[in-house]
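# Structure assessment
This is what each chain is made of:
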Amino acid sequence: MNRPDLIRFLALPLLAAAAIPAVAQPPAVTPSQSAPPAGQVVLPPPMAVMPPPVPLPALSQAQDDWANEWLKSGMAEGLMARSKPTAPMHGQQLLNALLDRGRALSTGRVDTADFLEVWALRPAAFDPRPSLAKAIAEDRLPQWAASLTPPYSGYDGLRKGLATYEKIRDTGGWPSLSAGASADVVRARLALEDRTVTGTEPQTAALQRAQRRYGLNPTGLLDARTLTALNVSVDDRIAAIMANMERWRWMPRELPVNRVQVNIAAAVLTVFQGDQPVTSMRAVTGSPTNQTPMLSSNIHSIVVNPPWNVPMSIARKELFPKGRATLAKQGYKIVKTPEGGERIVQPAGPNSALGRLKFDFNNPFAVYLHDTPSRGKFSSYDRLASHGCIRLEKPVSLAELMVASDPSLSGQIQSLIDTNKTQRVSLPSQVAVYLLYWTAFASSNGTMNFRADPYDWDKLLAQKIEASSRRVDPTAVNSTAPAAKD
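Each residue is numbered by its place in its chain's sequence as written, counting from 1. With the structure being a predicted model, the display of local features is reserved for residues of pLDDT at least 70 and the display and counting of side-chain atom pairs for 80 or more, all residues being used for whole-chain, interface and lining totals. Each side-chain value is worked out from all heavy atoms of the structure, with water and hydrogens disregarded.

### So, the sheet that holds strand β6 (residues 308-309)
Read across the sheet, 3 strands follow the order β6-β8-β7 without closing on themselves; strand pairing throughout is antiparallel. Taken across any chain shown, the strands that pair with only one partner, and hence form the sheet edges, are β6 and β7 (333-336). Pairing of β6 with strand β8 (residues 342-346), which is carried by 2 bridges, proceeds in the antiparallel orientation. Within β8, the residue paired with Trp-308 across the bridge is Gln-346. Strand pairing is defined by DSSP finding a minimum of two bridges between the two strands. In this text, helices come from DSSP runs of H or I with a minimum length of four residues, and strands from runs of E with a minimum of two, each type numbered from the N-terminal end.

### Observations concerning unusual backbone geometry
The phi dihedral of Asp-139 is positive, around 55 degrees, even though this residue is not glycine. Non-glycine residue Asn-420 carries a positive phi angle of around 60 degrees. On the secondary structure map, Asn-420 appears in the loop between α13 (413-418) and β13 (423-436).

### Remarks on the side chain of Asp-406
Tracing the sequence through the fold places Asp-406 in the loop between α12 (395-403) and α13. The buried label applies to any residue whose accessible area, calculated with a 1.4 Å probe on protein chains only, is under 20% of its type's maximum; exposed applies above 50%, and partly exposed to all values in between. By relative accessible area, which is 15% here, Asp-406 ends up buried.

### Some thoughts on the nonpolar core
Trp-119, Phe-359, Leu-369 and Leu-398 are the most contacted members of the largest nonpolar core, which has 119 residues in total. Ranked by residues supplied to this core, first place goes to helix α9 (residues 234-250) with 9 residues. Note on contacts: a residue pair qualifies if any of its non-hydrogen atoms lie within 4.5 Å across the two residues. Among residues more than four places away in sequence, those in contact with Leu-398 are Val-260, Leu-269, Val-271, Met-281, Phe-359, Leu-369 and Leu-392. Side-chain atoms within 4.5 Å are what join buried Ala, Val, Leu, Ile, Met, Phe, Trp, Tyr and Cys residues into a set we call a nonpolar core.

### Details of helix α7 (residues 203-213)
Buried within α7 we find Ala-206, Leu-207, Ala-210, Gln-211 and Arg-213. Projected down its long axis, α7 carries its buried residues within an arc of 155 degrees, all on one side. The elements touched by buried residues of α7 are α6 (183-193), α8 (224-230) and β15 (448-450). Looking one or two residues beyond α7, the residue adopting positive phi is Gly-215, at roughly 75 degrees. Each C-beta atom gives one direction from the helix axis, and the arc is the one those directions make.

### A closer look at the packing of aromatic side chains
Here is the rule: rings of Phe, Tyr and Trp (six-membered ring for Trp) pair when centre to centre is within 6.5 Å. Planes less than 30 degrees apart are stacked, more than 60 are edge-to-face, and the remainder are tilted. Following the criterion strictly, the structure yields 13 aromatic pairs and no others. Both rings, one in Tyr-165 and one in Trp-174, keep their centres 6.2 Å apart while their planes meet at 90 degrees; by these two values the pair is edge-to-face. Judged by relative accessible area, Tyr-165 falls into the buried class, the value being 2%. Taken together, a centroid distance of 4.6 Å and an interplanar angle of 20 degrees make the contact between Trp-248 and Trp-438 stacked. Of this pair, Trp-248 sits in helix α9 while Trp-438 is found in the loop between β13 and β14 (440-442), placing the two residues 190 residues apart along the sequence. Accessibility assignment for this pair places Trp-248 and Trp-438 in one class, buried. Linked through ring pairs, Phe-115, Trp-119, Trp-250, Tyr-437, Tyr-455 and Trp-457 together constitute an aromatic cluster. Two limits define a charge over a ring: the Lys NZ or Arg CZ must be within 6 Å of the ring centre, and within 35 degrees of the ring normal. Over the ring of Trp-174 we find Arg-189, and its NZ or CZ is 3.9 Å from the ring centre. A cation over an aromatic ring shows up here: Arg-259 above the ring of Phe-272, its NZ or CZ 4.1 Å from the ring centre.

### So, the pattern of salt bridges
By definition here, a salt bridge exists when the distance from a side-chain nitrogen of Lys or Arg to a carboxyl oxygen of Asp or Glu is within 4 Å. Inspection of every chain in the model, using the stated rule, returns 24 salt bridges. A salt bridge links Asp-156 to Arg-159; the nearest nitrogen and oxygen atoms lie 2.5 Å apart. One end of the pair is Asp-156 and the other is Arg-159, both in helix α5 (residues 153-170) and 3 residues apart, which spans about a single turn. For Asp-156, a relative accessible area of 30% puts it in the partly exposed group. Judged by relative accessible area, which is 25%, Arg-159 ranks as partly exposed. Across the pair Arg-189 and Glu-193 runs a salt bridge, and its minimum N-O distance is 2.9 Å. Placement of the pair is Arg-189 and Glu-193 together in helix α6, with a separation of 4 residues, close to one helical turn. Assessed through its relative accessible area of 8%, Glu-193 is described here as buried.

### Some thoughts on the confidence of the model for the chain
Counting all residues, the mean pLDDT for the chain is 89, and 88% of those residues have values of 70 or more. Note on residues 1-33: pLDDT is under 50 here. Beyond four places in sequence and across chains, it has 44 contacts. A residue's pLDDT is the predictor's confidence in that residue, given on a scale from 0 to 100. Counting interchain partners and residues more than four positions distant, the pLDDT-below-50 stretch residues 479-486 has 11 contacts.

Right, dumping it as structure tokens:
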């Protein structure tokens, strides 16, 4: 297996291995220009001329009526929690409203300038004007509208779930449960979200289904965590659905058929091949104070037996305060930096915080997927505990899937680990990776599932959606709720 065309060994010494630096880009070189002859007028380069916007045809009366009716559907698409009756719009005002709604449904209501830095999954640019002009000219506005939303069953499931929870809200919501609630009261509460609840089944069975929907340990007992989940208000559930619909609008319209997806909130990794899930595993994702970012990238290589170059933020806060003697006893090495400072390296081996495998992909947050010697968290239902990287329950099986197409690497991952050498394996082909934040999703039978919102991103995003709609959408209610602050 020591083939140089397949495996590139890390060039730095093991104990003093530095993080692999990014290749510096050469400075831009401005071509030298000789001075113009005396008296010669030098004209500035011509400015780029932007093409004029595509003109929009006037709407017919039938199109006008249809457009006004369609614009009332903003609440159904999660663009606002409540809508209001509005006077019919006409002319340019109506065309502007159609353009705005087209952008909102295609790439999200919230402008990327209002994103948090860690919401690094950004929608592609979209100009609805050309397709709207064509739809008006060909009298195909309903087909145009249907093409705007994300083409995924996940989005459609949320849209249907949103209608269900809005109906629950509009009929009074649900009461708060106490630990001493009677079986009939608990069963009635569960039935609001679970249509399969019956008056004769054991309460434990109905509670277990609810606990699975909430990502909790299915004990069948009305414990503290289950009570907390059941007592989340229906308005907060609606906000979660709205936030997740918005995140779907940030996704590309076509996903790579072979990919890795991590649900940060649920701490689960799923592998897709041929656009179908083939395996999943538990993960440990960032704690609320060390949030794992949302992003997409491509896994290009795997480091076998990686050392851990401890980030300075972790070193200063958690390791240097222990003292040099303690760090030495725990196997850490303190090495000099080129600038004259010091940093901490944990050598490769069974006790390395990165375990035996590290999956590298380019991103500005220096996060990655990796093995871990600490296995206890994988049996927990509360797995948001890392510094932002993603720890994997089954890293060897994931690595084997990624190299399976190369006969020289297939089945050899454990053998490479057993050499105890630090080496980088380039993948036969890069694998797309998506770090996503799903806290609401529908089962195949339409029942909604929810996960906790550990980073408080759902409420924040729902507030940003509402604030954006109030600014530009005449059908949105001017709520008195304060807009979110970054």
